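Letter by letter, the chains look like this.
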Amino acid sequence: MKQNWYRLDNAGKIFPMVKSKFDTSSFRLACVFKEDVDLDLLLKALNTALTIFPSFKVKIKQGFFWYYLEHNDLPPVLFKESPYLCQAKRTKEQNDYLFKLCYYGRRISMEFYHAVSDGTGGLELFKAVIYHYLLLKGVVFKNHDCILTEEVEELYDETQDAFVFNYNKNIKKYPADTKAYIIKGFTYKSYFMGAIYLVCDESTVKIAAQKYGATIGQYIAALIVYGVYEEFWKKDARLDKRPIRLFLPVNIRRFFNSQTLRNFALFIRTTQDFSGDVTFVDVIKHLKQQFEQELTREKIEARLAQNMNFEKNPFIRLCPLFLKKPVAKAVYKLVSSNVSTISLSNLGRIEVPDEFKDYIDRFEFVIPVSATCPANGACISFNNKLVLTLTNRIIERKLQTFIVRHMIRDGVDLVVENND
């Protein structure tokens, strides 16, 4: 029986209430094939995938107390790709869908509104679209449970709000974040967002990271923090400079054995309060310590409890939506504004059938910037190609240039591309 509507999950509830032109609450996944895309087959593949993932075949509606998701009977639409990435959603143009599938030459990309899912959930739909597209092209391969098909998908509770399901009211909530150092500079007009893609040989990135006793994720995180320190914080003449805080979205399904395809990620924070000269090795050591401290079940449960504060507040629950929205915006601005310097989101290595390697060159992952967090990073890897995407509202490329030069000095083999 078709389900006609869905509640927004705990994380998804906040996004439609606080969205703005500066903060689109979206993310982008892309796949670059080895030959141009067949648009007819791509649209057929999308329609097939949506029958397997009904929680994505939805539109957002305004209820009396909360926004909610309603089944969408309209057909999905394909769009030619634009250099304007992760823009505010024009849902009427998209037949009210909360995602946008785009094409350009050999590339397909899918932009998701965060209210419907996080990067892990969106990636499952995106992989299913690619899977069915290649099937329609006549490619034969073994799935090995890498892609959620109708048979595999039955094992997943894709509509579960895992925040509510795993919430423990007896857990002490995580303390609120203090204000962080904010990067300043001249910004693009018309809400344009620059994106620089570092297409790296993953094996050389691994060797570079091992020189410092770090994982690839720790190495990239340290590069970003050290770049902000060298190019902005260190050159800032103010005496009362706040600490550099890196926010990292973490897929917490593994902590709770969850198989939801809705939002189920939380930010962990690493804070660097610099004094005196600091080396790259110092930054890596400090980040490794903070990763170990933050990535524990206890800390994750405390952050989950903190996330549930807004939804569980008795006044907020009983407040009609037209009153909730201004309250939510004020609370979001108070709690979330100026608490992070920069973010890094890492989807890791993509699990797909081996035969995909014959048809796909690489995957890409993009997260947007905001007014108070004007630079971010995202990475994803496939078939020994790691793509680090550095997004930026600021026109100057000091941070990106610093990161590229440091990686090259560390022996990383890479190619640089951009969207402007």
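Structure: see above.
None of the values given here were measured: they were computed from a predicted structure.

### Things to note about unusual backbone geometry
In this model, S25 sits at a positive phi of 55°, which is unusual for a non-glycine residue. Mapped onto the secondary structure, S25 falls in the loop between α1 (10–18) and β2 (26–33). Positive phi, close to 55°, is recorded for N383, a residue that is not glycine. One can find N383 in the loop between β13 (375–382) and β14 (385–392).

### What about the sheet that holds strand β4 (residues 67–71)?
Overall, antiparallel pairing links the 3 strands, which are arranged β1-β4-β3 in an open sheet. Of all the strands in the sheet, the pair left with one neighbour each is β1 (5–7) and β3 (58–62). Recorded for the sheet is a direction-independent mean angle of 35° between the axes of neighbouring strands. Here β1 pairs with β4 via 3 bridges, running antiparallel. Of the residues in β4, the one forming a bridge with R7 is Y68.

### With respect to helix α2 (residues 39–52)
For α2, built from 14 residues, the straight-helix expectation of 20 Å at 1.5 Å per residue is met to within 8% by its first-to-last C-alpha distance of 20 Å. Within the sequence span of α2, burial applies to L41, L42, A45, L46, A49, L50 and I52. Of the residues that open α2, the one with a side-chain oxygen 3.2 Å from the backbone nitrogen of D40 is D38.

### What to know about the nonpolar core
If you look at the biggest cluster of nonpolar residues, it comprises 65 residues, and the most contacted ones within it are I130 and F356. Of all the elements, helix α3 (residues 119–136) adds the most residues to this core, at 9 residues. Ignoring sequence-local partners within four residues, the contact set of I130 consists of C31, F33, I108, F356, I360 and F363. By size, the runner-up hydrophobic cluster in this structure holds 59 residues, among which are I244, L246, L248 and I342.

### Brief notes about the sheet that holds strand β15 (residues 414–418)
On the basis of which strands lie adjacent, the open sheet formed by 7 strands has the order β10-β9-β11-β13-β14-β8-β15 and mixed pairing. The open sheet has two edge strands, β10 (265–272) and β15, and neither has a second partner. Strand-to-strand twist across the sheet, computed as the mean angle between neighbouring axes with direction ignored, equals 20°. Two elements, strand β8 (residues 194–201) and β15, share 5 bridges in a ladder whose sense is antiparallel. Within the sheet, the bridge partner assigned to C200 lies in β15 and is L414.

### Some remarks on the environment of N4
Structurally, N4 can be placed in the segment before β1. Since its relative accessible area comes to 46%, N4 is described here as partly exposed. Placed 51 residues apart in sequence, N4 and S55 show a C-alpha to C-alpha distance of 9.7 Å. Those residues in contact with N4 that sit more than four places away from it in its chain are L69, E70 and H71.

### Topic: the pattern of salt bridges
By the definition in use, this model includes 23 salt bridges. Of the charged contacts, one joins R253 and D118 as a salt bridge, the two residues approaching to 3.1 Å between their closest N and O atoms. Of this pair, R253 sits in helix α8 (residues 253–256) while D118 sits in the loop between β7 (107–113) and α3, and the two are 135 residues apart along the sequence. Of the two residues, R253 and D118, neither departs from the other in class, the shared state being buried. Bridged by salt links that share partners, the residues R28, E81, R107, E111, D361, R362, E364, K385 and E417 form one connected network.

### Considerations on the packing of α2 against α3
At a closest axis distance of 8 Å, the pairing of α2 and α3 adopts a crossing angle of 130°. On the basis of the axis angle, α2 is oblique to α3. As α2 packs across α3, the resulting crossing turns out to be right-handed. Residues L41, L42, K44, A45, L46, T48, A49, L50 and I52 of α2 form the contact with α3, whose own contacting residues are L125, A128, V129, H132, Y133 and L136. Partitioning the contact of α2 with α3 into residue classes produces 12 nonpolar, 2 polar and 1 charged.

### Quick notes on the environment of L266
Checked against the element boundaries, L266 lands in strand β10. For L266, the contacting residues outside a window of four places in its chain are F163, L248, P249, V250, I252, I300, R303, L304 and N307.

What counts, and at which threshold
- Residues numbered from 1 in each chain as written.
- Predicted model: local features only at pLDDT ≥ 70, side-chain atom pairs only at ≥ 80, totals over all residues.
- Heavy atoms only, no water.
- Helix = DSSP H or I, 4+ residues; strand = E, 2+ residues; numbered from the N terminus.
- Pairing = 2+ DSSP bridges.
- Axes fitted to C-alpha atoms, helices over the stretch in contact; angles between N-to-C directions.
- Expected span 1.5 Å × (residues − 1).
- Buried < 20%, exposed > 50% of the residue type's maximum accessible area, 1.4 Å probe, protein only.
- Polar contact = N/O pair within 3.5 Å; in protein donor to acceptor, adjacent residues only side chain to side chain.
- Core = buried A, V, L, I, M, F, W, Y, C linked by side-chain atoms within 4.5 Å.
- Contact = heavy atoms within 4.5 Å.
- Salt bridge = Lys/Arg side-chain N within 4 Å of Asp/Glu carboxyl O.
- Parallel < 35°, antiparallel > 145°, perpendicular 65-115°, else oblique.
- Left-handed = near helix turned anticlockwise from the far one by under 90°.
- Nonpolar A, V, L, I, M, F, W, Y, C, P; charged D, E, K, R; others polar.

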